[in-house]
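Fold and geometry: a report
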Amino acid sequence: MIDRVRGATVVRVTAIGAGAVLTAAIPLTFPAHGGASELDAMVSEDTVSPGLAQVLVAPSNAPVVVALLLAACAWFALRRQWWQAVTMLVVPEIALAVNTWLLKPLWDRRLDDHLAYPSGHTVHMVAVATTFACLVTDRRARIVVAALTVLALVAITPGMAELGYHHPTDILGGAAAAAAMAIGLCWLSDALRARNRA
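Nothing here was measured: the structure is a model prediction, and the numbers come from that model. (Residues numbered from 1 in each chain as written. Predicted model: local features only at pLDDT ≥ 70, side-chain atom pairs only at ≥ 80, totals over all residues. Heavy atoms only, no water.)

1. Remarks on the pattern of salt bridges
Summed over the entire model, instances satisfying the criterion amount to five salt bridges. Arg 109 serves as the salt-bridge partner of Asp 170, at 2.8 Å between the closest nitrogen and oxygen. Linking Asp 170 in helix H7 (residues 168-197) with Arg 109 in the loop between helix H4 (82-107) and strand S1 (110-111), this pair joins segments that are 61 residues apart in sequence. There is no split in this pair, since Asp 170 and Arg 109 are both buried. Through salt bridges with shared partners, one network takes in Asp 40, Arg 109 and Asp 170. (Salt bridge = Lys/Arg side-chain N within 4 Å of Asp/Glu carboxyl O. Helix = DSSP H or I, 4+ residues; strand = E, 2+ residues; numbered from the N terminus. Buried < 20%, exposed > 50% of the residue type's maximum accessible area, 1.4 Å probe, protein only.)

2. Some words on the packing of helix H6 (residues 139-163) against H7
One way to put it is that H6 packs onto H7 with a least axis distance of 9 Å and a crossing angle of 145°. Pair H6 / H7 crosses with right-handed handedness. Here H6 contributes Leu 153, Ile 156, Thr 157, Met 160 and Ala 161 to the contact with H7, which in turn contributes Pro 168, Ile 171 and Ala 175. (Axes fitted to C-alpha atoms, helices over the stretch in contact; angles between N-to-C directions. Left-handed = near helix turned anticlockwise from the far one by under 90°. Contact = heavy atoms within 4.5 Å.)

3. What about the layout of surface pockets?
In this structure, the largest pocket encloses a volume near 1,000 Å³. Lining the largest pocket are 33 residues, with Arg 12, Ala 133, Cys 134, Leu 135 and Arg 142 sitting closest to its centre. Residue assignment for the lining of the largest pocket shows that the elements contributing at least two residues are helix H1 (2-25), H4, helix H5 (120-135), H6 and H7. Among the elements that take part in the lining of the largest pocket, H7 stands out by supplying nine residues, more than any other. As a volume, the second largest pocket reaches approximately 360 Å³. Taken together, 15 residues make up the lining of the second largest pocket; nearest its centre are Leu 68, Val 128, Ala 129, Val 145 and Thr 149. (1 Å grid on protein atoms, 1.4 Å probe; cavity = no way out; pocket = protein on both sides within 12 Å on 5 of 7 lines; lining within 4 Å. Points joined across faces, edges and corners; volume = space filled by probe spheres on them.)

4. Considerations on the packing of aromatic side chains
Enumeration over the complete set of coordinates arrives at four aromatic pairs. A ring pair is formed by Phe 30 and Tyr 117, whose centres lie 5.2 Å apart and whose planes are at 80°; its orientation type is edge-to-face. In this pair, Phe 30 sits in the loop between H1 and helix H2 (50-56) while Tyr 117 sits in the loop between strand S2 (114-115) and H5, placing the two residues 87 residues apart along the sequence. The exposure classification of Phe 30 matches that of Tyr 117, with both residues buried. Pairing Phe 76 with Phe 132 gives two aromatic rings, centres 5.5 Å apart and planes at 50°, and the pair type is tilted. Here Phe 132 lies in helix H5 and Phe 76 lies in helix H3 (residues 62-78), a separation of 56 residues in the sequence. Taking the relative accessible area as the measure of exposure, Phe 132 reaches 12% and is therefore buried. (Phe/Tyr/Trp six-rings, centres within 6.5 Å; stacked < 30°, edge-to-face > 60°.)

Put into structure tokens, the structure is as follows:
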């Protein structure tokens, strides 16, 4: 039991650290004058057509993400897992707020008239997926959620670039930041729940 707890702690710390380091390291690749980096140039803006781009970015659109968030909350509520349901509802919104009010202004990467890094659409989507994966106990469900999230990231990246919403590095940084924040906040939720039970 102690070894399992230590193992889980190592995994969490490693994942949070890796996400935080990647989020902080990506801005080091940004050109001083702004614009796309060499990493961004790997996905050109004309990789897909504008019509296809609209379809590809759909998984990160707010109505889709909110619907998935509410479905995940319902998943736990129907099982009378109230702590998990509340955590599911709260964690992605905290991650989105931290990104909007702290991380974006911190790095101040502008694309047209908005702050682009880390991508808020990506942060919200990945935070929902990561929170669900942290809270659900079924290993198969975790694997399915992880696989679908990776596929969604692969889809939205060229779509966002084509539509001029984000550079690919904005999406990569958003995914890293969201994963780190969601894992950390779920860990905090676990600690609070254990304390309340004691």
